[in-house]
Amino acid sequence: MANSGTGDSVVDRVVRVIAAFPEGITVLPLSELADRADLPLSTAHRLVRQLAGHGLLELGSGGSVRLGLRLWELVNRNSPTLALRQAAVPFMEDIQQVLNQNVNLAVLEGGEALFVERLSRRGSVTNRARVAGRMPVHLSSVGLALMANQPSAVQAKYVRQFHDPAGKVQPEEIRALLDEAAGMGFAQLAGVVDPDTWGIAVPVRDAGNRTVAALGVVVPLREMRLQALVPALQTAARGIGRQLQNPEPAMHSVQRNPSNAPHVSGRTL
């Protein structure tokens with residue numbers, strides 16, 4: 001690919017154009033898109049027209065630019081998380097049916113938790129997670145569950161490179177959180193992002209016992225019990241892992257056991 005005068009390639013510039021759309025924003029004026037992509041207006045206009053020719057972007061009236069349906073189609077058709085989401089959603093729905101609260105599914109992307117699915121209902125507590133959104137590992141229970149089950153070298157690199165611009169969290173605190181999550185088999189964060197919420201998450205493992213995702217819930221801080229939540233999440237996580245190995249329609253249900261703890265049952269677990 002030919003480089004520009006600044007040394008960046010065409011691919012670099014195309015990626016910057018597509019990535020310039022903020023979360024939740026699908027339409028931008030061309031001038032703002034050029035600014036966000038750090039490109040001259042003429043260059044942005046040329047790239048947008050070329051991408052629009054392939055359906056990845058759409059040109060609207062007044063110089064507006066919209067993300068194209070072709071981009072959505074390609075991402076959803078070939079996404080590496082598609083099988084994971086298909087395996088997880090039935091179990092997530094069962095957990096949500098019992099708790100009537102938020103259920104999240106995330107994977108590890110660098111030093112962040114990348115959310116690939118989220119289920120919420122009206123009346124549930126605040127949930128900062130957004131599908132395709134990210135959160136730092138130390139601010140999410142799913143992030144801690146993911147990182148705590150990575151190889152020691154990966155954890156050490158993350159802790160070594162960790163930096164909190166506000167200076168409120170130190171690397172040794174992150175190390176302690178990861179050790180706690182690894183020792184308990186689940187991660188929890190109470191009142192960290194929102195003072196009235198509690199995040200609990202467990203790892204999802206594949207056939208090779210590698211942690212490929214984390215399943216978590218966000219619930220009211222004072223209304224739930226770990227002894228009720230963790231076993232249900234762990235059972236669901238095992239079901240997801242088995243479904244990834246043998247992708248066939250899952251037949252399962254979540255029931256209330258006599259102690260009022262959520263219970264996931266069925267032939268796939």
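Residues numbered from 1 in each chain as written. Predicted model: local features only at pLDDT ≥ 70, side-chain atom pairs only at ≥ 80, totals over all residues. Heavy atoms only, no water.

Turning our attention to the overall build of the chain. Secondary structure assignment for the chain yields nine helices and 11 strands. Looking at the chain as a whole, 42% of its 269 residues qualify as buried. Within the chain, contacts between residues separated by at least 24 positions form 49% of all contacts whose residues are at least 6 apart in sequence. Here the chain displays about 14300 Å² of accessible surface, and carbon together with sulfur accounts for 51% of that area. (Helix = DSSP H or I, 4+ residues; strand = E, 2+ residues; numbered from the N terminus. Buried < 20%, exposed > 50% of the residue type's maximum accessible area, 1.4 Å probe, protein only. Contact = heavy atoms within 4.5 Å. Areas by Shrake-Rupley, 256 points an atom, 1.4 Å probe, with all protein chains shown as cover.)

With antiparallel pairing, the three strands of this open sheet are ordered in space as S1-S3-S2. Each edge of the sheet is formed by a strand with only one pairing partner; in this case those strands are strand S1 (27–29) and strand S2 (57–59). Ignoring which end each strand starts from, the neighbouring axes of this sheet average 25° apart. Pairing of S2 with strand S3 (residues 64–67), which is carried by three bridges, proceeds in the antiparallel orientation. For Leu-59, the partnering residue across the bridge sits in S3 and is Val-65. (Pairing = 2+ DSSP bridges. Axes fitted to C-alpha atoms, helices over the stretch in contact; angles between N-to-C directions.)

Another point: the pairing of strand S4 (residues 102–109). Counting buried residues in S4 gives six out of eight residues, a clear majority hidden from the surface. Pairing between S4 and strand S9 (residues 211–220): five bridges, direction antiparallel. Note on S9: the bridge partner recorded for Val-103 is Val-217. With seven bridges joining them, S4 and strand S5 (residues 112–119) adopt antiparallel strand pairing. Bridging across to S5, Val-103 finds its partner in Leu-119. Between S4 and S5, which follow one another and run antiparallel, lie two residues, and Gly-110 among them has a positive phi close to 65°.

Before going further, it helps to examine the sheet that holds strand S7 (residues 187–190). With antiparallel pairing, the six strands of this open sheet are ordered in space as S6-S5-S4-S9-S8-S7. With partners counted over all chains shown, the strands left at the sheet margins are strand S6 (134–136) and S7, one partner each. Averaged over all pairs of adjacent strands, the angle between their axes in this sheet comes to 30°, without regard to strand direction. Bridge count between S7 and strand S8 (residues 197–205): four bridges; the pairing is antiparallel. Within S8, the residue paired with Leu-189 across the bridge is Gly-199. Packing of helix H5 (residues 82–99) onto the sheet brings it into contact with S4, S5 and S9, and relative to S5 it is tilted by some 65°. Running over the sheet, helix H9 (residues 226–245) touches S7, S8 and S9 and is turned about 30° from S8.

Mapped onto the elements, Gln-96 comes out in helix H5. Gln-96 gets classed as buried once you look at its relative accessible area, which sits at 7%.

A word on the pattern of salt bridges. This structure, assessed with the given rule, holds seven salt bridges. Between Glu-32 and Arg-36 there is a salt bridge whose closest N-O contact spans 3.0 Å. In this pair, Glu-32 and Arg-36 are both assigned in helix H2 (residues 30–36), four residues apart and thus about one turn of the helix distant. Classification of Glu-32 by relative accessible area gives partly exposed; the value is 31%. (Salt bridge = Lys/Arg side-chain N within 4 Å of Asp/Glu carboxyl O.)

Before going further, it helps to examine a nonpolar patch on the surface. A contiguous nonpolar patch, built from Leu-139, Val-192 and Val-193 and spanning about 200 Å² of accessible area, is present on the exposed surface. By the element assignment, Val-192 lies in the loop between S7 and S8. Residue classification places Val-192 among the partly exposed positions, given a relative accessible area of 41%. (Patch = residues over 30% accessible without salt bridge, like charges linked within 9 Å, V, L, I, M, F, W, Y side chains within 5 Å.)

Turning to the nonpolar core, a few remarks are in order. The biggest cluster of nonpolar side chains holds 30 residues, and the ones touching the most others in it are Ile-200, Leu-215, Val-217 and Ile-240. Element by element, the count of residues in this core is highest for H5, at eight residues. Beyond its immediate sequence surroundings of up to four residues, Leu-215 is in contact with Met-92, Val-103, Asn-104, Val-142, Ile-200, Ala-201, Val-202, Val-204, Leu-233, Ala-236, Ala-237 and Ile-240. (Core = buried A, V, L, I, M, F, W, Y, C linked by side-chain atoms within 4.5 Å.)

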